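# Tertiary structure, described
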Amino acid sequence: MTYSIGQVADKLDISPYTLRYYDKEGLLPFVDRNAAGRRRFKDNDFNFLEVIVCLKEAGVPVKQIGHFIDLCMTGDSTLHDRYDFLAEHEAQLEAKMARLQHTLDFLRWKKWYYKTALQAGTESIHYLPGTNHVDPAVHAEFNRLVANGAQPKDLGAL
């Protein structure tokens, strides 16, 4: 069975423009064209397309995705290179996710901080006596609540 660019775009939840861009950048060397020059995608093309979409969502630059597709098109002699490519990008994505988790944790802490300040009617409840510095015990209390099973996202809900 063959698919038009619109059908593929719908199936992958991306725009036809994006697919055309990927083709222009050399990411779709496996796609056939009909006599009128229109792209005709095959069932097997979805294997490559899913990899392309995944790598793009992981933040891999288009040029590097193109290099990976070239490796795939070369065949089994590049299996090790492809494995190394994916391992490298997996590590980069895990590091990015860790940074984002840290950011989310901090945002939830501050949300809880402001929720409790709103409930008290003042931010000063969080300060060390006689200062405008946050008492480390306040942050420790938030961490204790989370450690005891409170859902961080719910702690800041009003």
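Reading guide: rules and limits
- Residues numbered from 1 in each chain as written.
- Predicted model: local features only at pLDDT ≥ 70, side-chain atom pairs only at ≥ 80, totals over all residues.
- Heavy atoms only, no water.
- Helix = DSSP H or I, 4+ residues; strand = E, 2+ residues; numbered from the N terminus.
- Expected span 1.5 Å × (residues − 1).
- Buried < 20%, exposed > 50% of the residue type's maximum accessible area, 1.4 Å probe, protein only.
- Contact = heavy atoms within 4.5 Å.
- Domains from an automatic or database assignment.
- Phe/Tyr/Trp six-rings, centres within 6.5 Å; stacked < 30°, edge-to-face > 60°.
- Lys NZ or Arg CZ within 6 Å of the ring centre and 35° of its normal.

## Details of helix H3 (residues 45–57)
The end-to-end C-alpha distance of H3, which contains 13 residues, comes to 18 Å, matching closely the 18 Å that a straight helix rising 1.5 Å per residue would cover. Listed as buried for H3 are Asp45, Phe46, Phe48, Leu49, Ile52, Val53 and Leu55. Residues of H3 that are buried in the fold lie against strand E1 (2–3), helix H1 (5–12), helix H2 (16–24), strand E3 (39–42), helix H4 (62–74) and helix H5 (79–120). Two residues or fewer past H3, Gly59 is found with a positive phi of approximately 90 degrees.

## Overview of the domain arrangement of the protein chain
If you check the domain split of the protein chain, you get domain 1 (2–74) and domain 2 (96–155). Taking only C-alpha atoms, the centre of domain 1 and the centre of domain 2 are 45 Å apart.

## Overview of the packing of aromatic side chains
Counted by the stated rule, this structure contains nine aromatic pairs. Considering the side-chain rings of Tyr3 and Phe46, the 5.2 Å spacing of their centres and the 85 degrees angle between planes classify their relative orientation as edge-to-face. Here the residue Tyr3 occupies a position in strand E1, and Phe46 occupies one in helix H3, the gap between them amounting to 43 residues. Classification of Tyr3 by relative accessible area gives buried; the value is 9%. Judged by its relative accessible area of 8%, Phe46 is buried. Considering the side-chain rings of Tyr21 and Tyr22, the 6.2 Å spacing of their centres and the 50 degrees angle between planes classify their relative orientation as tilted. Each residue in the set Trp109, Trp112, Tyr113, Tyr114 and Phe142 is aromatic and connected to the rest through ring pairs, giving one cluster. Its end group placed over the ring of Phe46, Lys11 keeps NZ or CZ at 4.6 Å from the ring centre. The ring centre of Tyr113 lies 4.0 Å from the NZ or CZ of Lys110, which sits over that ring.

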